[in-house]
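# Fold and contact review
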Amino acid sequence: MEALMSMEEALERMLGHFRALEAKDTPILETLGQVLAEDIYAAFDVPPMDNSAMDGYAVRASDTSGAAAEFPVSLDIIGQVAAGHLPEVGVEPGTAVRIMTGAPMPGGADTVVPFEDTDESQQRESMLTSERLSKIRVFKEPTAAANVRRSGDDVRQGALVLKAGTLIRPSEIGVMATLGLAAARVYRRPRVGILATGDELVEPGQPLGPGQIYDANSYSIASQVRQCGGEPVLLGIAKDNIDELLLKISTGLSTDFLITSAGVSTGEYDLVKDILTKHGWMDFWRVRMRPGKPIAFGSLKAGDGREIPHMGLPGNPVSSMIAFEQFARPAIMKMLGYKDTTRLVISAVLEQRVVNDDGRRFFARAIVSKRDGEYYARLTGPQGSNILTSMSRANGLIVIPEDVQAVNPGERVQVQVLAGSEDLLT
Ligand code: AMP
Ligand code: MG
């Protein structure tokens, strides 16, 4: 039997050639999914000032003690303050300032009584909207300091708010904006060159001649690159001849990572392998997985002496996508500064028998659904590595270990959730 490399060994060898790229100051809105390369401290308290959490009346708690429906406390309204404005008066004993959510607390006040606990709406019923209330009755004793957000409640000045290494999600972008930061230092996104190879390939949008097929892989790979945070650079299609391949590959050497599709099996026209061996080096090309066995990894030398890591994905569209997920995705995430590149795996009950008889790790396209709090998985249909629509029907990949020959209905399997399919699982 031919010697196949284990997925673990292949992945370890490959990831050894990738590290986080340089850090770069980047507008916060562009950093979604990137990793912080700096600690972020608060330059000021958040919120920056004491402010109201409710629409209501800023009062002195001591004035309202004992207030109840049958014993209302009456206060003189001496002013009003909205968010974004400063109070013009302080609250003296026996007075109140009408205050809106987010408005700074007036001096002297320590508590906000919400409108609901006053006769504000009853008074309003018999008034024109332009009229001003002069007195307010409080029907309920507030707890002291109620409905006041103190400066620094969220973050204290000088505090470490976001640590280097933090993954940036929408909430982190909001936190950075709250701290007044327009840009943050993040590991830059890798530019990933993508080259399709094959005499049979035609760009979508062009007429299809006899014997030809459309290039699917450039587009699925580019989208996978983007999905995991890289910047795809489409290098087009190279015909199966050494000169064209070399030329197109050389245009990809300004990127951080070059991915080619097809040309890595043992066919007569499988030139990518030859080029890698001659113009760079090749580390492995037969991995114990299905689909996706013919995979190449190595590097090519750019004009400036840089070594550009190169991955040769299999030509069959499903193999190409699955091999990308298992190998290229973690490599890209490592360049982005991620420490953990493992995927979300769930446990599901298998609904049909799945056979795995060739000693490889089998990634079976699956439809996972949830019933009564339990996940169930079934195959999408025929598992030929050319059937890309069955990848499109899948929301997960059942992982059958190398040494398991068959799994029966009712048995549990591990399922990798496909990126972007999380919402299809419910
Ligand atoms: P190869 O690895 O070149 O032997 O290709 C294996 C299979 O994948 C063949 O059927 C090719 O036609 C197909 N294939 C190769 N590249 C692509 C591509 N970019 N898009 C769709 N199918 C492809
Ligand atoms: Mg080919």
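In case you missed it, the structure is sitting above this.
What comes next is a walk through the structure. These numbers were taken from a predicted model, which means no experiment stands behind them. (Residues numbered from 1 in each chain as written. Chains lettered and ligands numbered in written order. Predicted model: local features only at pLDDT ≥ 70, side-chain atom pairs only at ≥ 80, totals over all residues. Heavy atoms only, no water.)

In this section: the layout of surface pockets. As a volume, the largest pocket reaches approximately 410 Å³. Where the lining of the largest pocket is concerned, the elements lending two or more residues are helix H1 (7-15), helix H8 (317-335), strand S23 (361-371) and strand S27 (412-417). Class assignment of the residues belonging to the lining of the largest pocket gives a composition of six nonpolar, five polar and six charged. Both domain 1 (7-21 + 189-335) and domain 4 (345-425) contribute no fewer than three residues apiece to the lining of the largest pocket. Considered as a void within the structure, the second largest pocket measures approximately 360 Å³ in volume. Surrounding the second largest pocket, 19 residues form its lining, Gly33, Gln227, Cys228, Arg329 and Tyr338 being those nearest its centre. (1 Å grid on protein atoms, 1.4 Å probe; cavity = no way out; pocket = protein on both sides within 12 Å on 5 of 7 lines; lining within 4 Å. Points joined across faces, edges and corners; volume = space filled by probe spheres on them. Helix = DSSP H or I, 4+ residues; strand = E, 2+ residues; numbered from the N terminus. Nonpolar A, V, L, I, M, F, W, Y, C, P; charged D, E, K, R; others polar. Domains from an automatic or database assignment.)

It is worth spelling out the packing of helix H6 (residues 242-251) against helix H7 (residues 271-279) at this point. Axis separation between H6 and H7 bottoms out at 10 Å; the angle between their running directions is 65°. Viewed along their axes, H6 and H7 form a crossing whose handedness is right-handed. Contacts between H6 and H7 involve Ile242, Leu245, Leu246 and Ile249 on the former and, on the latter, Leu271, Val272, Ile275 and His279. A per-class count over the contact of H6 with H7 returns seven nonpolar, one polar and no charged. (Axes fitted to C-alpha atoms, helices over the stretch in contact; angles between N-to-C directions. Left-handed = near helix turned anticlockwise from the far one by under 90°. Contact = heavy atoms within 4.5 Å.)

To continue, consider the sheet that holds strand S6 (residues 95-99). The strand order S7-S4-S6-S5-S8 describes an open sheet built from five strands, whose pairing is mixed. The open sheet terminates on both sides in strands that have one partner only, identified here as strand S7 (111-114) and strand S8 (135-138). On average, each strand axis in the sheet is inclined to that of its neighbour by 40°, with strand direction left out of account. As paired elements, strand S5 (residues 73-81) and S6 share five bridges and run parallel to each other. Paired with isoleucine 77 across the two strands is alanine 96, which belongs to S6. (Pairing = 2+ DSSP bridges.)

Note that glutamine 212 resides in the loop between strand S13 (201-202) and strand S14 (213-214). A relative accessible area of 27% places glutamine 212 in the partly exposed class. With residues near it in sequence (within four places) discarded, glutamine 212 still touches Glu200, Val202 and Pro207. (Buried < 20%, exposed > 50% of the residue type's maximum accessible area, 1.4 Å probe, protein only.)

The local shell around ligand 1 holds 17 residues, among which Glu200, Asp215, Ala216, Gly315 and Asn316 are the closest. A distance of 2.6 Å separates an oxygen atom of ligand 1 from a polar side-chain atom of glutamate 200. Note that an oxygen atom of ligand 1 is positioned 3.2 Å from one of the backbone N or O atoms of asparagine 316. Here ligand 1, which alone exposes 490 Å², has 75% of that area covered by the protein. Contributing elements (two or more residues each) for the shell around ligand 1: strand S12 (191-197) and S14. (Near = heavy atom within 4 Å. Polar contact = N/O pair within 3.5 Å; in protein donor to acceptor, adjacent residues only side chain to side chain. Areas by Shrake-Rupley, 256 points an atom, 1.4 Å probe, with all protein chains shown as cover.)

With that out of the way, let us pick up the packing of aromatic side chains. Each aromatic ring pair is described using two quantities: the centre-to-centre distance and the angle formed by the ring planes. Taken as a whole, this structure holds four aromatic pairs when the rule is applied. Measuring from ring centre to ring centre gives 5.0 Å for phenylalanine 18 and phenylalanine 257, while their planes differ by 75°; the resulting arrangement is edge-to-face. Separated by 239 residues along the polypeptide, phenylalanine 18 in the loop between H1 and strand S1 (23-27) and phenylalanine 257 in strand S16 (residues 257-261) bring together distant segments of the chain. Across this residue pair, the class does not change: phenylalanine 18 and phenylalanine 257 are buried. When the ring of phenylalanine 18 is compared with that of phenylalanine 297, the centres are 5.9 Å apart and the planes differ by 40°; the resulting orientation is tilted. With phenylalanine 18 in the loop between H1 and S1 and phenylalanine 297 in strand S19 (residues 294-301), this residue pair connects regions lying 279 residues apart in the sequence. Of the two residues, phenylalanine 18 and phenylalanine 297, both sit in the buried class. Stacked on the ring of phenylalanine 362, the Lys or Arg arginine 290 has its end atom at 4.0 Å from the ring centre. Cation over ring: arginine 371 sits above tyrosine 376, and NZ or CZ is 4.1 Å from the ring centre. (Phe/Tyr/Trp six-rings, centres within 6.5 Å; stacked < 30°, edge-to-face > 60°. Lys NZ or Arg CZ within 6 Å of the ring centre and 35° of its normal.)

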